[in-house]
Amino acid sequence: MSFSNIMDSNSYTGEHDDPTTDTLITARERVLGPSYRLFYERPVHLVRGQGSYLFDAEGNRYLDAYNNVASVGHCHPHVVDAVTRQMSTLNTHTRYLHEGIVGYSERLLATMPDSIDQVMYACTGSEANDLALRVAQMYTGQKGIIVTSDAYHGNTAAVTAISPSLGGNSLGPHVRTVPAPDSYRTPPGRLADRFAAEVSRAIDELCSAGYGFSCLVVDTIFSSDGIYPDASVLEPTAEVVRKAGGVLIADEVQPGFGRTGDAMWGFLRHGVVPDMVTLGKPMANGIPVSALAATSEVLTAFSQDVPYFNTFGGNPVSMAAASAVMDVIEDEKLQLHAAEAGALLRTELRSLASRHVRLGDIRGTGLYTGVEVVADPAARTPDRAGALNIVNELRNRRVLISVCGQDGNVLKVRPPLVFSRSDVDWFCTELDDVLKGTD
């Protein structure tokens, strides 16, 4: 599944409800590089957000069931206030002393296992993953990297080479892929052993090819692969990685910050302690900041030889925003809310699936849910066209989601953590009506 094929607006040729949107699309195509893509057959012209809602240029309200960047809700007043106050006081880089970065770092590391005791900052998840690869190579002295078969880890040159979901010829020669733990098509009880065996095979291939083995990079809920929440799969694999002399990198850019409901970080659900953890997207509710949290042991070789510096990473405004996000997660008990709201959502979705056989599997944890759309329920045949049609029909009803998975047939439901019971009702009512019209 190539990202360039997901709900690409290049197929949009008709007139939009709002004439200014057509003008904006034309202007965008003129001034932006052609690699940019818009979601949906009828692109959405958004001008405002609040909580789990977005509003277009005509004032229409949309239910946001997709964006985890505004994780604690669009324009949360506590975050807005923290950013405004800090911006009006000081913003500079990290080569000056400032309490904000130290205080936040202590707070962040306190949510992780004791062995993960140091943190470095950047601006995007791509940069954090890029840095993690550099650290892993310095620590192990090897180059070989393993990722899942439809993973996405970012868009720098280094992480594009480990992001097979981008399609094309992006995969590096020093990279091997393993199938994601597909709980829908793999017999129960075999997921963990099969995943560990695939990683072991890939390690052997890398060593035979002369690259050696540096690291396994894994999104702990397999977000781009199709959303596979089974928490049994990583522990045996972590043992394989360590025995081979490699390091485990947990990419928490999508599942982190309480989204899974069970834990603050996805890797904690699996009962493993990674050597490095990468963070991004929801970290500051839309203010660019990312991080690499790691054990001091793996950072030592890199730190001794490389004077790392990121101009905007960890700046006072970003730290104020990130700290405010932590305040909201704690004060509003959003991890618990994610568990409860997500469970309710999946209960309602399973009720829909009992009436609409095209919904082949409902899986997830917290406010991260995958809905498998199939053409043949008995054969569990992926239905990519059907999934895209559902997404675009929901957009027409002002409900926003996306798709993921190698076959592009898994509905990706990943709303802000403030998603409410009434939002669940809105979402399921519209999905039910869409399915009635397409069954």
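Everything discussed here concerns the structure shown above.
Please read these numbers as outputs of a predicted model, since none were measured by experiment.

### Points about the layout of surface pockets
Considering only enclosed or pocket space, the second largest pocket measures out at about 330 Å³ in volume. Residue lining of the second largest pocket: 20 residues in total, with T94, I101, V102, Y121 and G314 positioned closest to the centre. Sorting the residues of the lining of the second largest pocket by element identifies helix 3 (99–109), strand 4 (118–122) and helix 10 (316–331) as the ones contributing at least two each. Here the residues of the lining of the second largest pocket are counted per class, giving 11 nonpolar, 9 polar and no charged.

### Quick look at the nonpolar core
Soluble, globular proteins show a tendency: their nonpolar side chains are buried together. One finds F257 and F427 to be the most contacted residues of the largest nonpolar core, which totals 92 residues. Ranked by residue count, the leading element in this core is helix 10, at 9 residues. For this core, the two domains that each supply at least three residues are domain 1 (5–75 + 334–437) and domain 2 (77–332). Excluding residues that lie within four positions of it along the chain, F257 makes contacts with Y104, L108, M264, W265, L279, P282, M283, M326, I329 and L417. By size, the runner-up hydrophobic cluster in this structure holds 22 residues, among which are L131, I145, V217 and I249.

### Focus: the pairing of strand 3 (residues 61–64)
Alignment of strand 2 (residues 53–56) against strand 3, held across 3 bridges, turns out to be antiparallel. Across the sheet, Y53 pairs through a bridge with L63, a residue of strand 3. Connecting strand 2 to the antiparallel partner strand 3 that follows it, the hairpin turn spans 4 residues, and G59 within it adopts a positive phi of roughly 90 degrees. Direction of pairing for strand 3 relative to strand 14 (residues 399–400): parallel, over a ladder of 2 bridges. Directly across from D64, in strand 14, lies its bridge partner L400.

### Points about the pattern of salt bridges
Summed over the entire model, instances satisfying the criterion amount to 17 salt bridges. The partner of D275 in a salt bridge is R242, and the shortest N-O contact between them spans 3.2 Å. Residue D275 is located in the loop between helix 8 (266–269) and strand 9 (276–279), and its partner R242 is located in helix 7 (residues 234–243); the two are separated by 33 residues in the primary sequence. Classification of D275 as buried rests on a relative accessible area of 13%. R269 is paired through a salt bridge with D262; the nearest N and O atoms lie 3.0 Å apart. Assessed through its relative accessible area of 17%, R269 is described here as buried. Within this structure, D182, R185, D361, R363 and E372 form a network of salt bridges that share partners.

Conventions we followed
- Each chain carries its own residue numbering, running from 1 in the written order of its sequence.
- Per-residue local features are limited, in this predicted model, to residues with pLDDT of at least 70; the limit for side-chain atom pairs, both in listing and counting, is 80 or more; totals at the level of whole chains, interfaces and linings are taken over all residues.
- Here the side-chain values reflect all heavy atoms present in the structure, with hydrogen atoms and water set aside.
- In this analysis, the protein atoms alone were mapped onto a 1 Å grid. Cavities are point sets where a 1.4 Å probe fits without being able to get out; pockets are open sets with protein on both sides within 12 Å along at least five of seven lines; lining residues have an atom within 4 Å of a point.
- Grid points are joined across faces, edges and corners, and a volume is the space filled by probe spheres set on the points.
- Numbering of helices and strands runs from the N terminus; a helix is a DSSP stretch of H or I covering at least four residues, while a strand is a stretch of E covering at least two.
- Gly counts as polar in this scheme, as do all residues outside two lists: the nonpolar Ala, Val, Leu, Ile, Met, Phe, Trp, Tyr, Cys and Pro, and the charged Asp, Glu, Lys and Arg.
- We call a set of buried Ala, Val, Leu, Ile, Met, Phe, Trp, Tyr and Cys residues a nonpolar core when their side-chain atoms join them within 4.5 Å.
- Only protein chains enter the accessibility calculation, which uses a 1.4 Å probe; a residue whose area is less than 20% of its type maximum is buried, one above 50% is exposed, and one in between is partly exposed.
- Domain start and stop positions are those given by an automatic or database domain assignment.
- Residue contacts follow a heavy-atom distance rule, with two residues in contact if any of their heavy atoms lie within 4.5 Å.
- The rule for pairing is simple: two strands pair if DSSP sees at least two bridges between them.
- Just to be clear on terms, a salt bridge is a Lys or Arg side-chain nitrogen sitting within 4 Å of an Asp or Glu carboxyl oxygen.

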